[in-house]
Amino acid sequence: MSKQVLILPGDYIGPEIMAEAVRVLEKVNQGFQLGLELEYGLLGGAALDVHGVPLPEETLARAKEVDAILLGAVGGPKWDGVERHLRPEKGLLGIRSELQLFGNLRPAILYPQLADASSLKPEIVAGLDILIVRELTGGIYFGEPRGIRTLENGEREGFNTYVYNESEIRRIAHLAFSLARKRDGRLCSVDKSNVLEATILWREVVEEVAKDYPDVELSHLYVDNAAMQLVMQPKQFDVMVTGNMFGDILSDAAAMLTGSIGMLPSASLDQAGRGMYEPCHGSAPDIAGQGKANPLATILSVAMMLRYTLASAEAADAIEQAVSAVLDQGLRTPDIHSDGQQLVSTVEMGDAVVAALNC
Ligand code: NAD
């Protein structure tokens, strides 16, 4: 039976990087006879412009039915003035929570060819291979009550709620332990249990889940220390697991270790392993429409989708090898470019990956 993939290009550079990722997906679909059917939908600002909401009913309905979703990026200054509940990013948060995509996998892998593009010394980052597992549907981004209220003295006050229940912590911990088991067997849980009660519970539940994984070595770090360790000695980490907000911040920091946020794919999985795949970066309005966007994070997201949800490891390997091959050829978009390498546009990078695909 054929499998369906919903493509949501999104806003600003979203459609540019997605066009290249789709060319790669179409080529492996044909070459490996995967039988995938691709269809398109609107999300974010693009949906707001057409339907007046960032997550239209029909997008959500299709998202619930298909096997996997490939997303570009949403948001940007065009919609800065819209009401908060209509912001493009609400569409993204909405789809993640409606589909219960609680497990966000963000690998930070440094391709040896890009060791010079990192902001850290090559010897500190060479061979870096970290997997950050971020809880995606709970924590302070979703906690209620939330809002901005006016106090009796007329002063305004913003407030949010940092909340995690046991079952939310348990399911993300199980996912992280099972992934660590398939890698180097080391898991670092990141919290702020010296200050936040919600993360005292986080640590307790992670300790309980650890009993099911005696083969995985568990450690804990406070988030401030984790941030410091990530830039000081990043190779000490194998898998890191943390809540929504800390994971958001730490994974962007890890991204920069690898040279560019334009290189990093991500997966967001539900309990059954169905998922949405997207680059870690946003819609990069500052470079949109100029052919400067690096499409590799989105192309590598296609590889993750094939590996984790569509069970086509062979095709995933082929894509990752093709990306490595174009980096070997010295081709670089501006974000990863340095002297002596060939500067290429978004489309030229896509051309090169398609040409390097062995299928
Ligand atoms: P951003 O990730 O879009 O951009 C940060 C910096 O990285 C910019 O200088 C940008 O040019 C660069 N960059 C990002 N992706 C790149 C790529 N593929 N190639 C080369 N350079 C790249 O973050 P931002 O500027 O804070 O946010 C812009 C918009 O994107 C905002 O509206 C934000 O809400 C939204 N956003 C969306 C997502 C998402 O859709 N998942 C994630 C983060 C931010």
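Scroll up to find the structure this text is about.
Criteria and thresholds
Residues numbered from 1 in each chain as written. Predicted model: local features only at pLDDT ≥ 70, side-chain atom pairs only at ≥ 80, totals over all residues. Heavy atoms only, no water. Helix = DSSP H or I, 4+ residues; strand = E, 2+ residues; numbered from the N terminus. Rg over C-alpha atoms; globule rule 2.2 N^0.38 Å. Contact = heavy atoms within 4.5 Å. Areas by Shrake-Rupley, 256 points an atom, 1.4 Å probe, with all protein chains shown as cover. Lys, Arg positive; Asp, Glu negative; His and termini not counted. Charge placed at Lys NZ, Arg CZ, Asp CG, Glu CD. Core = buried A, V, L, I, M, F, W, Y, C linked by side-chain atoms within 4.5 Å. Buried < 20%, exposed > 50% of the residue type's maximum accessible area, 1.4 Å probe, protein only. Domains from an automatic or database assignment. Near = heavy atom within 4 Å. Polar contact = N/O pair within 3.5 Å; in protein donor to acceptor, adjacent residues only side chain to side chain. Nonpolar A, V, L, I, M, F, W, Y, C, P; charged D, E, K, R; others polar.

Caption draft 1: Structural view of the overall build of the protein chain. Helices and strands together make up the secondary structure of the protein chain, namely twelve helices and 14 strands. A compact globule built from 359 residues should have a C-alpha radius of gyration of about 21 Å, and the protein chain, at 20 Å, falls within 12% of that. Each principal axis of the C-alpha distribution contributes one length, and for the protein chain these read about 60 × 50 × 45 Å. Counting only contacts in the protein chain whose residues sit at least 6 apart along the sequence, the fraction spanning at least 24 positions is 75%. For the protein chain, the accessible surface area stands at approximately 15,400 Å², while carbon and sulfur atoms represent 51% of it. Side-chain charges of the protein chain comprise 30 positive and 49 negative groups, with the mean position of each set lying 2 Å from the other.

Caption draft 2: View of the nonpolar core. Among the nonpolar cores identified, the biggest contains 90 residues, and Leu25, Val28, Val133, Phe177, Leu306 and Ile319 are the most heavily contacted of them. Taken together, domain 1 (1-102 + 272-359) and domain 2 (129-257) each give at least three residues to this core, which thus spans both. Ignoring any residue separated from it by four or fewer positions in sequence, one finds valine 28 in contact with Gln33, Leu34, Leu306, Ala315, Ile319, Leu357 and Cys359.

Caption draft 3: The arrangement of the site of the ligand in detail. By nearness alone, 20 residues border the ligand, and Val74, Glu89, Gly282, Ala284 and Asp286 come closest of all. Contact distances for the ligand include 2.8 Å between an oxygen atom and a backbone N or O atom of valine 74. In the model, a nitrogen atom of the ligand is placed 2.9 Å from a nitrogen or oxygen of the asparagine 294 main chain. When the ligand sits alone it has 810 Å² of accessible area, and the protein chains cover 67% of it. The residue makeup of the shell around the ligand, split by class, is nine nonpolar, seven polar and four charged.

Purely spatial values, then, with no claim about function.
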